[in-house]
Amino acid sequence: MSYATSLRCRKCGGEYPLKAVNLCDFCFSPLDVAYDYKAMSRRVSRQALSSGPPSMWRYRDLLPVEDPVVDIGTGFTPLTRCDNLGRELGLEQLYIKNDCLNPTYSFKDRAVAVAITKARELGFRTVACASTGNLAASVAAHAARAGLRAYVFIPADIEAGKVVGTAVYGPTVVAVEGSYDRVNALCNRLAEAYGWGFINISLRPYYAEGSKTLGYEIAEQLDWRSPDCVVAPSASGLLFTRIWKGLNELSMLGLIEPVNTHMHLVQAAGSSPIVNAYRAGTLHVHPVEPHTIAKSIAVGNPADGHYALKVVRESGGSASAVSDDEVIAGMKLLARTEGIFTETAGGVVIAGLQNMVRSGVIRRDELTVACITAAGLKTQEVVWDVVQPIVIQPTLESFKERVPAAGTAAEVR
Ligand SMILES: *Cc1c(COP(=O)(O)O)cnc(C)c1O
Ligand SMILES: [Zn+2]
């Protein structure tokens, strides 16, 4: 049984039943899932959570769904201590939260696992989404597992790896000629015209709740404490706010100390409406037209940008942007130092982190968690220049001739 009690308007507090709605009828603000935290706190404990399955479903009691859940093994991804990269950047305690290792290779699986479970519970036979690529793959995979039909809408120009990684699960893929913001606007109209469960629209309150498991895992994997700093990428701003919510819920439930974490948000300079607002000292976000290789986070009109800025303020964090060249350098740096191949959004995070350490925004002794939200094979084309194999004949002579440096290495082994 779930401890969710209703949907509640973030602004006016208006209450709604736990159905597929995402906006308040009166003030058009987003709806969030409300819980009976008192009853929940009697049930959850560190020990009960830690003895759960090695997936996000170990936090089932903190999520707004009933059994059976749609489970393809999402979550409880590694939190890896990264001393090589830490040394390079000048950080003494650096961890990578590696969400490349989810079933469809991105953090979106967390959000979708909850939203699709809820869609099925509410009786939907068809689900749909607007996506920059990662959400599409995740919706398609979870729908396959749940036995639901899926329609996914993507910008026509997204990376090939993301289209293949979606189409293989058998959804109807619709490529829209226009930016993500145009795709999303279209889907808002489709959501009214068709009775489908739109994962990132009508089911958004549940989608949001799935994202907060990233925050839970970080705290549990640090042996039940909140880090000094979290660095995370931002598209619509939702994930960023939910990492914060996840940490604060654990504190409210008495599972960790009061949260004293600085939340640092990063965007690509070519799509940085949230960072622009931060620099202008306002909580009001002006839409932009995105131009960046970091397509997964290229959202020009971020629905939760305002709330992400509030989290930055409340937590004493920061918001900054990096260039596309820095993104590529960040991807290569993480791969070279830690053996983790991330897509462009992860390059945004590593480059942003590097700048923050250099400028003193993050101090060298602060325990820092960098969130790597999707895997590198999804965006291979941006690092294609690393592919320079030495071509030889299948003979010892050819190898010796073409790779002379190997000889000296062999002597010292
Ligand atoms: C969707 C996504 C994000 C963040 O999305 P929000 O809309 O801000 O929640 C971050 N990284 C990757 C790789 C994503 O696909
Ligand atoms: Zn309202």
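Anything mentioned here points back to the structure above.
Before going into details, it helps to say that this report is about the structure given with it. (Residues numbered from 1 in each chain as written. Chains lettered and ligands numbered in written order. Predicted model: local features only at pLDDT ≥ 70, side-chain atom pairs only at ≥ 80, totals over all residues. Heavy atoms only, no water.)

## Section: a nonpolar patch on the surface
Then, number 1: Where nonpolar side chains cluster on the molecular surface, the patch consists of W384, V386 and V387 and spans about 330 Å² of accessible area.
Then, number 2: Tracing the backbone through its elements, the reader meets V387 in the loop between β13 (368–372) and α15 (396–402). (Patch = residues over 30% accessible without salt bridge, like charges linked within 9 Å, V, L, I, M, F, W, Y side chains within 5 Å. Areas by Shrake-Rupley, 256 points an atom, 1.4 Å probe, with all protein chains shown as cover. Salt bridge = Lys/Arg side-chain N within 4 Å of Asp/Glu carboxyl O. Helix = DSSP H or I, 4+ residues; strand = E, 2+ residues; numbered from the N terminus.)

## Overview of the site of ligand 1
Then, number 1: Taken together, the neighbourhood of ligand 1 is formed by 16 residues, with K108, A235, S236, L239 and T373 sitting nearest.
Then, number 2: Separating an oxygen atom of ligand 1 from a backbone N or O atom of L239 is a distance of 2.8 Å.
Then, number 3: Against a free-state accessible area of 390 Å², the protein chains account for coverage of 97% of ligand 1. (Near = heavy atom within 4 Å. Polar contact = N/O pair within 3.5 Å; in protein donor to acceptor, adjacent residues only side chain to side chain.)

## Brief notes about the sheet that holds strand β8 (residues 172–176)
Then, number 1: Spatially, four strands are ordered β8-β7-β6-β9 in an open sheet, and the strand pairing comes out parallel. Looking at which strands have only one partner, the edges of the open sheet turn out to be β8 and β9 (197–198).
Then, number 2: In this sheet, strand β7 (residues 149–155) lies alongside strand β6 (residues 126–130) in parallel orientation, the contact comprising five bridges. If you follow A128 over to β7, its bridge partner there is Y151.
Then, number 3: Taken strand by strand, helix α7 (residues 180–193) contacts β6, β7, β8 and β9, and its axis lies near 145° from that of β7. (Pairing = 2+ DSSP bridges. Contact = heavy atoms within 4.5 Å. Axes fitted to C-alpha atoms, helices over the stretch in contact; angles between N-to-C directions.)

## Overview of the packing of helix α10 (residues 238–252) against helix α12 (residues 305–315)
Then, number 1: Put simply, α10 and α12 touch, their axes get as near as 8 Å, and they point 45° apart. In terms of orientation, α10 lies oblique with respect to α12. The hand of the α10/α12 crossing is left-handed. Between α10 and α12, the residues in contact are F240, T241 and W244 and Y307, A308, V311, V312, E314 and S315, respectively. (Parallel < 35°, antiparallel > 145°, perpendicular 65-115°, else oblique. Left-handed = near helix turned anticlockwise from the far one by under 90°.)

## Details of α10
Then, number 1: When the terminal C-alpha atoms of α10 are compared, their 21 Å separation across 15 residues agrees well with the 21 Å that a helix rising 1.5 Å per residue should span.
Then, number 2: The buried count for α10 comes to 12 of 15 residues, which makes it a mostly enclosed element.
Then, number 3: Among the residues of α10, L238, L239, F240, T241, R242, I243, W244, K245, G246, L247, E249 and L250 are the ones counted as buried. (Expected span 1.5 Å × (residues − 1). Buried < 20%, exposed > 50% of the residue type's maximum accessible area, 1.4 Å probe, protein only.)

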